[in-house]
Amino acid sequence: MEETAAAAAEPAAEKATSYRYWVREATGDAAPLPAPRKLDAADVAANPAPGTLGSAWNQAGTWEEKNLNSWANSRIKDLLGSLDPLEFSTGKASVYEVSRCSGDAFLVIVRNKKRVGYTYELSLKFKGEWVIKEENKKVKGHLEIPEFSYGELEDLEVNVRFSEEKDLSSDEKAQICKDMKSFLAPIQEKLHEFEKELKER
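This section reports on the structure supplied with the text.

Procedures and definitions
- Residues numbered from 1 in each chain as written.
- Predicted model: local features only at pLDDT ≥ 70, side-chain atom pairs only at ≥ 80, totals over all residues.
- Heavy atoms only, no water.
- Pairing = 2+ DSSP bridges.
- Helix = DSSP H or I, 4+ residues; strand = E, 2+ residues; numbered from the N terminus.
- Core = buried A, V, L, I, M, F, W, Y, C linked by side-chain atoms within 4.5 Å.
- Buried < 20%, exposed > 50% of the residue type's maximum accessible area, 1.4 Å probe, protein only.
- Contact = heavy atoms within 4.5 Å.
- Salt bridge = Lys/Arg side-chain N within 4 Å of Asp/Glu carboxyl O.
- Expected span 1.5 Å × (residues − 1).
- Arc of directions from axis to C-beta.

Judged from the five bridges that link them, strand β1 (residues 63–67) and strand β3 (residues 91–110) form a sheet pairing that is antiparallel. Opposite Lys 66, over in β3, you have Leu 107 as the bridge partner. Where strand β2 (residues 86–87) and β3 come together, two bridges link them in antiparallel fashion. In the strand pairing of β3, Leu 86 is matched with Ala 93. Counting the residues between successive antiparallel strands, the hairpin from β2 to β3 contains three residues.

Dropping the structure here:
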């Protein structure tokens, strides 16, 4: 009986001593432990702290969102208020005011990377003059730009709404609408400029 107990104790003792640590003790060929050293001004200058994009409180650059509505609204109005007048085969027109500019623009910092975006709706006032049946007719209206977002300027749409129709036939209105849609390319160009400036903020 005693022999059986001794035999059972032997594997347990062997098992307890069979586990080995990765480094049990320092040997002669082991690398020396690093010694602490105080940094001087030259060391600090040689290894500047990595810059973060966020505010002072967000040094880790985890998540931060900035509202850019004030700047964006003002900038869109400046850019689209400076569109050049256009001349057509039977008339000419100009955009003279941004009457509605509603939406949001923002800058988000995520994991120390900057991302920008916006969503807007616009309405631009226009006035023009067309020769219709040998008579000069002054026309006023709005260019309505439905909701558009960052990176979607190639899909931009412009709808024409007349303030006063002045007894225009459906064909005459269709011709004026077609002429006014020529403003789409210069509007896209100005909004591309806005996107570029937004990215650089």
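So, next bit.
Moving on to the nonpolar core. The biggest cluster of nonpolar side chains holds 40 residues, and the ones touching the most others in it are Leu 80, Leu 143, Phe 148, Met 180, Phe 183 and Ile 187. Leaving out residues up to four positions away in the same chain, Phe 148 has contacts with Tyr 118, Thr 119, Tyr 120, Glu 121, Leu 122, Leu 153, Leu 156 and Leu 191.

Now for the pattern of salt bridges. One side chain can pair with another of opposite charge once the charged atoms of both are near each other. The final tally for this structure, using the stated rule, is seven salt bridges. Of the charged contacts, one joins Glu 144 and Arg 161 as a salt bridge, the two residues approaching to 2.8 Å between their closest N and O atoms. Highlighted residues: Glu 144 in strand β5 (residues 135–149) and Arg 161 in strand β6 (residues 159–162), separated in sequence by 17 residues. Each of Arg 100, Glu 121, Glu 144 and Arg 161 takes part in salt bridges that share partners, so that together they form one network.

Next up on the list: helix α5 (residues 184–199). Taking 1.5 Å as the rise per residue, α5 with 16 residues should run 22 Å; its terminal C-alpha atoms sit 22 Å apart, in good agreement. Ile 187, Gln 188, Leu 191, Phe 194, Glu 195 and Leu 198 are the residues of α5 that are buried. Axial view of α5: buried residues confined to an arc of 115°, hence all on one face. Exposed positions of α5 whose direction lies more than 90 degrees from the buried face are Glu 189 and Lys 196. Buried residues in α5 make contact with α3 (69–80), β4 (113–132) and β5.

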